[in-house]
Amino acid sequence: MVTEGVLSRSGRGRRPVVQPWLTLLARLGLAGVLGFAGIAKLAAPALAVRAVAAYELLPASLTTFVGYALPALEIALALLLVAGLATRFVAIVSGLLMVVFIAGIASAWARGLTIDCGCFGGGGTVAASETRYPQEILRDLGYLALAAFIVIWPRGRFALDSTLGLYSAPVAGPDEAGTAAEDGEGSGDAEGSGDAEGSGDAGDAGDAGDVEDAAAREA
Amino acid sequence: MGKAAKLSARERLREERSRAAARQRRNRTLLIIGSAVAVVAVVVGVIVAVQSGRDEQSAFAGQAPPATLQSDGSIVMARQGVTKPVLEVYEDFQCPACKEFETVNNGTVQRLAAEGKVKVVYKTLAFVNPEGSLRAAGAGQCAATAGKFTEFHDVAFENQPDERVALTLNDLKGFGEQAGITDPAFATCVDRQKSAAQIQAFTKQTLSDKNFRGTPTLILDGRQLNQSEIYTVDGLTKAVTNAA
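Residues numbered from 1 in each chain as written. Chains lettered and ligands numbered in written order. Predicted model: local features only at pLDDT ≥ 70, side-chain atom pairs only at ≥ 80, totals over all residues.

1. Concerning the overall build of chain A
Now for step 1: A count of helices and strands for chain A gives nine helices and two strands.
Now for step 2: In sequence order, the secondary structure elements of chain A are arranged as α-α-α-α-α-β-β-α-α-α-α.
Now for step 3: In chain A, which comprises 219 residues, the proportion classed as buried is 44%. (Helix = DSSP H or I, 4+ residues; strand = E, 2+ residues; numbered from the N terminus. Buried ≥ 20, exposed ≤ 12 C-beta atoms within 10 Å, placed from the backbone.)

The structure is reproduced here in structure tokens:
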């Protein structure tokens, strides 16, 4: 079992050091912009509705609801990103939201509307010379990239996900299986094992590999 | 027990354990995603409820106080003897956000003025649709001369066209008729556009002010009101009442 310990340690040694901090930064960055955008839209509900209406994409009945609900969704996503709860899922939703924003702005541009995106409050029709479509799209592409980073590397520092044991280490070896799993859950190990890193359904793949390793070692 | 049998028993146990662990992990993931969805649902539900409550529109059925044209082109609406607080309203007849403000708070402004709680000074700019806005601002002054500014102002905002479509002189004379102006001098006044130069000069001067962010701008005793004061009935009512 000495080998096992060494392997296990070397496995831990491969844990990325910088990435969890980068993920934390990406989470806070995306949360900052979403939270700011959401709160800025709360001041004047009538304006938020008008900003949505200016895109001329939704029927009037939906416009009102979206005008109220969009800033709420942005704020909720920001809170979840700060807390690090269901990080990958929340980052996927945030990324999709950015895609919707980009599509909306691009469509307004293509249809020759002259509107402000209303991203941070305000919005509505502006003079043709005051449209900022390329800048708005580039900015949202930047936030989309942040979201993508989090989707690929969801494990970050100070995340509820870790505390709740979302990333518990896969079962380590035959004799230590139980304890290893419990350790992973109990300590809220943020990184888990290198195997699980970055793969969508890390659990199954990691387990299969471990079982084979263990069998080989036993033999 | 043979070595092979022992191994396979261990393997079976091991597979079972790892399957159970995978199941547990999947359940935990679903639970965490579920709680995130619940957080979103609660936040969205609460905010939508609050916002729809705040997004009411004012209506005033009573008689607004008289509005009189001043020499600087502004129009003062106040009850006799009311001098403060002063609410300056910077508007453009073709500005869509101004229409939004009017939809929400026109009734609030008229009610507060009628109650003698505020002196309202309308300062009309002409820049959103340079031609249409200029004609409309001039027509507003003509309506004030005819003693029907408030009525004209309400009709003009209710019937505001897309800001890319300039209001014509005929549109504006029609608004005057709807507002109940019968004096033929009104139509002549609208056609002559005598105050155009004064309005343009005032517009240029106002827009050159770095603190001016566009229409509508509301200034209450020198303080620029924020969005929630401009666009919610409760916000504007409180701001004016507290300034009294």
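Still to come is the rest of the account.
2. Details of the domain arrangement of chain B
Interfaces are frequently sized by the accessible area removed from exposure as the parts join.
Now for step 1: Each domain of chain B was delimited in the assignment, giving domain 1 (1-54) and domain 2 (67-243).
Now for step 2: The distance between the C-alpha centroids of domain 1 of chain B and domain 2 of chain B comes to 60 Å. (Domains from an automatic or database assignment.)

3. Quick word on the sheet that holds strand β4 (residues 119-124) of chain B
Residues and elements named next belong to chain B.
Now for step 1: Pairing is mixed in the open sheet, where six strands are placed in the order β1-β2-β4-β3-β5-β6. The open sheet is flanked by β1 (67-69) and β6 (223-224), the only strands paired with a single partner.
Now for step 2: As paired strands, strand β3 (residues 86-91) and β4 are joined by six bridges and run parallel to one another. What sits directly across from L87, in β4, is V120. (Pairing = 2+ DSSP bridges.)

4. Here we look at the environment of A:W21
Residue and element names in this part refer to chain A.
Now for step 1: Along the polypeptide, W21 turns up in helix α2 (residues 19-42).
Now for step 2: Since 13 C-beta atoms lie within 10 Å of it, W21 is described here as partly exposed.
Now for step 3: Along the sequence, W21 and F101 sit 80 residues apart, while their C-alpha atoms lie 28 Å from each other.

5. Remarks on the nonpolar core
Soluble globular proteins tend to pack their nonpolar side chains together in the buried interior.
Now for step 1: Among the nonpolar cores identified, the biggest contains 105 residues, and A:L30, A:A72, B:V120 and B:A143 are the most heavily contacted of them.
Now for step 2: With eleven residues, helix α4 (residues 60-83) of chain A is the single largest residue contributor to this core.
Now for step 3: Residue contributions to this core reach at least three from each of two domains, namely domain 1 (1-54) and domain 2 (67-243) of chain B.
Now for step 4: When residues no more than four places from it in sequence are discounted, the contact partners of B:V120 are B:M77, B:A78, B:L87, B:V89, B:V109 and B:A113. (Core = buried A, V, L, I, M, F, W, Y, C linked by C-beta atoms within 7 Å. Contact = placed C-beta atoms within 7 Å.)

6. As for the environment of A:L79
Now for step 1: As for its placement among the helices and strands, A:L79 is situated in helix α4.
Now for step 2: For the pair A:L79 and A:S61, spaced 18 residues apart in the sequence, the C-alpha separation amounts to 28 Å.
Now for step 3: Contacts of A:L79, omitting those with residues within four sequence positions, involve B:V39 and B:V43.

7. What to know about the interface of chain B and chain A
Now for step 1: Counting residues at the interface gives 37 residues for chain B and 38 residues for chain A.
Now for step 2: Broken down by secondary-structure element, the contributors of at least two residues to the side of chain B that touches chain A are α1 (3-54), α2 (96-114) and α8 (227-231) of chain B.
Now for step 3: The element contributing the most residues to the side of chain B that touches chain A is α1(B), with 25 residues.
Now for step 4: Here the side of chain B that touches chain A is built from residues that sort into 17 nonpolar, nine polar and eleven charged. (Nonpolar A, V, L, I, M, F, W, Y, C, P; charged D, E, K, R; others polar.)

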